[in-house]
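# Architecture at a glance
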Amino acid sequence: MTAIATTGTDVRLTGISKTYGSFTAVHPLDLSVPAGSFFALLGASGCGKTTTLRMIAGLEDPTSGTVELAGRDVTALPPYKRPVNTVFQSYALFPHLDIYENVAFGLRRRGVKSVKKQVDDMLELVQLGDLARRKPQQLSGGQQQRVAVARALINHPQVLLLDEPLGALDLKLRRQMQLELKRIQTEVGITFIHVTHDQEEAMTMADTVAVMNAGRVEQLGAPAELYETPRTTFVANFLGTSNLIAADVLDTSGDDILLRACDTKLALPATRCTATARTGEKLLVGIRPEKITLTHADDAASVPDGRNRITGRITQAGFIGVSTQYLVDSPVAPGLSVYAQNIERDARLAPGAEVVLHWNPGHGFGLDAAQSIEAGTDAGEAGT
Amino acid sequence: MTDPTPTGLPPAAPALAPAPHPAARRKKLVPYWLLLPGILWLLVFFAAPLVYQASTSVQTGSVEEGFQVTWHFATYWDALGEYYPQFLRSVGYAATATALCLALGYPLAYLIAFKAGRWRNLLMVLVIAPFFTSFLIRTLAWKTILSDGGPVVSALGSLHVLGLTDALGVTEGHRVLATPLAVVCGLTYNFLPFMILPLYTSLERIDGRLHEAAGDLYARPLTTFRKVTFPLSMPGVVAGTLLTFIPAAGDYINAELLGSTDQKMIGNVIQSQFLRVLDYPTAAALSFILMAAILAMVTLYIRKSGTEELV
């Protein structure tokens, strides 16, 4: 395999949108995908991520806007003239052709005479060399998925588009294929755009994730950045789990914003707040469940100073092996989630126990209180 | 006695275990019971007449004196020697009509399967609509349509096409009725739905995403058709051509009503041997030859098209 050494931007979408009648699938959207990156479009079903991908592939005509591939405007080109290839959700392997011919399909269409070496190499890359003469329906789901990847990759596309390619696989195989795809991407150096609704999958594989919601990109960034500093409640809730606490802003003069939620004082570094905080107005303070430490109320004195602390009572404790997940009701907010690593388990931390929840203020994040606190959660799904 | 000791349990229970449950055995017989009516039907109305006909074909005699089985296989050679032109004509007409049905039916089936959208059901009803009228009536209607003063002749005449078709030998003396063209047209018309239905069924089953995948892999629309759509519709093509060719080869109504003595097909010969000449052995032998010929051609065709694993 010869890696295509390109730098700069591979895919640039400018003001691209798609409407079906009165329904807007994708709102005008700008997006740049750097060359050689593994880019994920993440969102719940119906958020417009697949439509966006199909517009890049040319399978869907945008209502407005342009698609550029490596600086060339391809908006008006039919799919067969675009230097991109797609791995379809259902794989769409040709059932009348064997694996070898499926993989050779693109090369043959472009008039390549001797395909044998390339096909053999590609089947080797996806570890299917010995199944070349089988028909697609004789292969397992994971093998079919690899054929679909090989069939697309062999054409050395400028960009490889993956439309929920792992959706049909069981959990274990999916984990394995995630690593496999990441390995292949690193090996061939081609830009991958991966559409998925699985936030864990997006974070494991992608360098950059764009979180989409209702036809818009909510936030774009590296997985860790999105996770640690979500800018909307949707991102906070959709990417992992967040505890969101509505609080009144008391003081914004220092490095830390001081807030009050139900007689409990909280601090939040001003740099961790993406919304504008004004004294007297509300703000949402977010904190990830694993950032919170639980201490039994009897040991409250042992909690170090300078940490945000909330009191509450455990309502549920679920043991899941590596960690224990607690649900804590507090006057500040109901149903706070806390994940505690099972290192030294405190037997007193059982449902009904009075506890103190405390965390480093630097791990919190501030969000605009004007948005729905439930966006991106299962409960918020019905509302959006 | 209220003592609940285990000795009170029935000891026979384990001994019963190996014997198959009567319900399971009944279940095993279900397929045979379901097959029975069909097998009986075939025995009475297909196998028995076939045996009877086979014996007729090797009989000699006359209607007045009665027929005797004399194992006179020469009837076969005589019949073939005398009527081979009609055999060849039947195969030729049926093949032409089948090709025309495919040429007309494929685009229509394709349109209904992929482009018709909400008109799909209406178009399917229109395809089947001719079946609501009798085969005979429809063919008689064609007789009027193709007659000398009819719309087809005057249209072709004003386009000056008839001179050309005369020269090609498919029409004669600026007429359409009583020519090969009329018979082939009639066959094509009458068997077209038998082509469209299987074609539609196999086209409709093709996953639209395969077209997208082909386009994504640099296949132009025409290449996509050639490399993906058509190969995947082969089961429909094979079924459609068989359903058209087999009855068309044995048909005699079209040649009877739309042709003249020069367009007689083997069906017409068999009919007249049976009903007019009353030469039952020859008629039976001709039927067997036709059956064997079709069977051989169909076997060869299915082998060649290699669709066993696709169906």
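Everything quoted here is computed from the prediction, not taken from an experiment.

### Some details on the overall build of chain A
Counting its regular elements, chain A contains 9 helices and 20 strands. Referenced to the eigenvectors of the C-alpha coordinate spread, the extents of chain A come out at roughly 75 × 45 × 40 Å. For chain A, the residues scored as buried account for 42% of the 384 residues in total. If you take every contact in chain A between residues at least 6 apart in sequence, the share linking residues at least 24 apart comes to 66%.

### Regarding the confidence of the model for chain A
A residue-level look at chain A finds 96% of positions with pLDDT of 70 or above and a mean pLDDT of 88. For chain A, helix α9 (residues 378–381) of chain A is the element with the lowest average pLDDT, namely 58, and helix α2 (residues 99–109) of chain A is the one with the highest, namely 95.

### Concerning the domain arrangement of chain A
All names here are of chain A. Here chain A is partitioned into domain 1 (9–228) and domain 2 (233–381). Contact with domain 1, which involves 8 residues of that partner, is made by 6 residues of domain 2. Of all the secondary structure elements, the ones that give two or more residues to the side of domain 1 that touches domain 2 are β9 (208–213), β10 (216–221) and α7 (223–228). Class assignment for the residues of the side of domain 1 that touches domain 2 results in 4 nonpolar, 3 polar and 1 charged.

### Focus on the UniProt feature "domain: ABC transmembrane type-1" (unreviewed entry) in chain B
Here, the residues flagged by UniProt with the feature "domain: ABC transmembrane type-1" (unreviewed entry) are residues 87–301 of chain B. In this annotation, residues 87–301 of chain B is assigned 78% helix and 0% strand; the end-to-end C-alpha distance for the span is 19 Å.

### Describing the confidence of the model for chain B
With 92% of its residues at a pLDDT of at least 70, chain B reaches an overall mean of 88. Contacts of residues 1–16 of chain B to residues separated by more than four positions or lying in other chains number 0 contacts, the stretch itself having pLDDT below 50.

### A look at the nonpolar core
Taken as a class, soluble globular proteins show a tendency for nonpolar side chains to be buried jointly. Residue and element names in this part refer to chain A. Membership of the largest hydrophobic core comes to 112 residues, with the highest contact counts inside it found for A150 and I193. Per element, the largest residue contribution to this core is 6 residues, and it comes from helix α4 (residues 141–153). Mapped onto the domain boundaries, this core takes at least three residues apiece from domain 1 (9–228) and domain 2 (233–381). For A150, the residues in contact, after removing those within four places along its chain, are V103, M122, L123, L125, V126 and L128.

Thresholds applied
Residues numbered from 1 in each chain as written. Chains lettered and ligands numbered in written order. Predicted model: local features only at pLDDT ≥ 70, side-chain atom pairs only at ≥ 80, totals over all residues. Helix = DSSP H or I, 4+ residues; strand = E, 2+ residues; numbered from the N terminus. Buried ≥ 20, exposed ≤ 12 C-beta atoms within 10 Å, placed from the backbone. Contact = placed C-beta atoms within 7 Å. pLDDT = per-residue confidence, 0-100. Domains from an automatic or database assignment. Nonpolar A, V, L, I, M, F, W, Y, C, P; charged D, E, K, R; others polar. UniProt positions renumbered as here; feature names shortened; annotations may be inferred. Core = buried A, V, L, I, M, F, W, Y, C linked by C-beta atoms within 7 Å.

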